[in-house]
Amino acid sequence: QVQLVESGGGLVQPGGSLRLSCTASGVVFSATSMAWYRQAPGKQRELVAKILIGGSTNYADTVKGRFTISRDNAKNTVYLQMNSLKPEDTALYYCNARPTYRPVDSWGQGTQVTVSS
């Protein structure tokens, strides 16, 4: 049973920063690609950033240069450092796991990020 537990969301002013964390259990973390998605009200869920097992990353164009995804295999945790936040970054942020040995998506419960003055 894969479990993903997210934390770190909250309310921040435009231009501020937040760091999201997602700790995984029930997977071989070092063999699992991890990602962050987000969903704003009335919009489809979209990929924010992904980090593969070798450490390579990719980002949505809207967050490039502002967000950084990283992973700590010793702690089974993936992070999303979000800087220069904008109101349009407001959304529910979900952690995603896809093991390379069993390509089935698992999702966390989501953590709310609100960017507002």
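As a reminder, the structure under discussion sits directly above these lines.
We now turn to the structure provided with this report. It should be emphasised that the depicted structure is a prediction, and the values quoted were computed from it without experimental measurement.

### Comments concerning the layout of surface pockets
In this structure, the largest pocket encloses a volume near 210 Å³. If you go around the largest pocket, you meet 13 residues; those closest to its centre are R38, A40, K43, E46 and E88. For the lining of the largest pocket, the residue count by class is 2 nonpolar, 4 polar and 7 charged.

### Examining the packing of aromatic side chains
Per the counting criterion, the structure on display carries 1 aromatic pair. Centroid distance Y37 to W107: 4.9 Å. Interplanar angle 70°. Geometry classified as edge-to-face. With Y37 in strand β4 (residues 32-39) and W107 in strand β10 (residues 106-107), the pair connects residues that are 70 residues apart, well separated along the chain. Judged by relative accessible area, which is 36%, W107 ranks as partly exposed. The cationic tip of R45 hangs over the ring face of W107; the distance from NZ or CZ to the ring centre is 4.5 Å.

### Quick look at the sheet that holds strand β1 (residues 3-7)
A sheet is described by the order of its strands in space; here 4 strands give the open sequence β1-β3-β8-β7, paired in antiparallel fashion. Among the strands making up the open sheet, the edge pair consists of β1 and β7 (67-72). The average angle at which neighbouring strand axes cross in this sheet is 15°, direction not considered. In the sheet, strand β3 (residues 18-25) pairs with strand β8 (residues 77-82) via 6 bridges, with the strands oriented antiparallel. Along β8, the bridge assignment pairs L20 with L80.

### Remarks on the side chain of S106
Summarising the element assignment, S106 is placed in strand β10. Note on S106: relative accessible area 16%, which makes it buried. Not counting chain neighbours up to four residues away, the residues in contact with S106 comprise V2, L4, C95, N96 and A97.

### So, the environment of Y59
Summarising the element assignment, Y59 is placed in strand β6 (residues 57-59). The exposure class assigned to Y59 is partly exposed, which follows from its relative accessible area of 21%. Polar side-chain contacts of Y59 include one of 2.9 Å to the backbone nitrogen of I69.

The rules we used
- Residues numbered from 1 in each chain as written.
- Predicted model: local features only at pLDDT ≥ 70, side-chain atom pairs only at ≥ 80, totals over all residues.
- Heavy atoms only, no water.
- 1 Å grid on protein atoms, 1.4 Å probe; cavity = no way out; pocket = protein on both sides within 12 Å on 5 of 7 lines; lining within 4 Å.
- Points joined across faces, edges and corners; volume = space filled by probe spheres on them.
- Nonpolar A, V, L, I, M, F, W, Y, C, P; charged D, E, K, R; others polar.
- Phe/Tyr/Trp six-rings, centres within 6.5 Å; stacked < 30°, edge-to-face > 60°.
- Helix = DSSP H or I, 4+ residues; strand = E, 2+ residues; numbered from the N terminus.
- Buried < 20%, exposed > 50% of the residue type's maximum accessible area, 1.4 Å probe, protein only.
- Lys NZ or Arg CZ within 6 Å of the ring centre and 35° of its normal.
- Pairing = 2+ DSSP bridges.
- Axes fitted to C-alpha atoms, helices over the stretch in contact; angles between N-to-C directions.
- Contact = heavy atoms within 4.5 Å.
- Polar contact = N/O pair within 3.5 Å; in protein donor to acceptor, adjacent residues only side chain to side chain.

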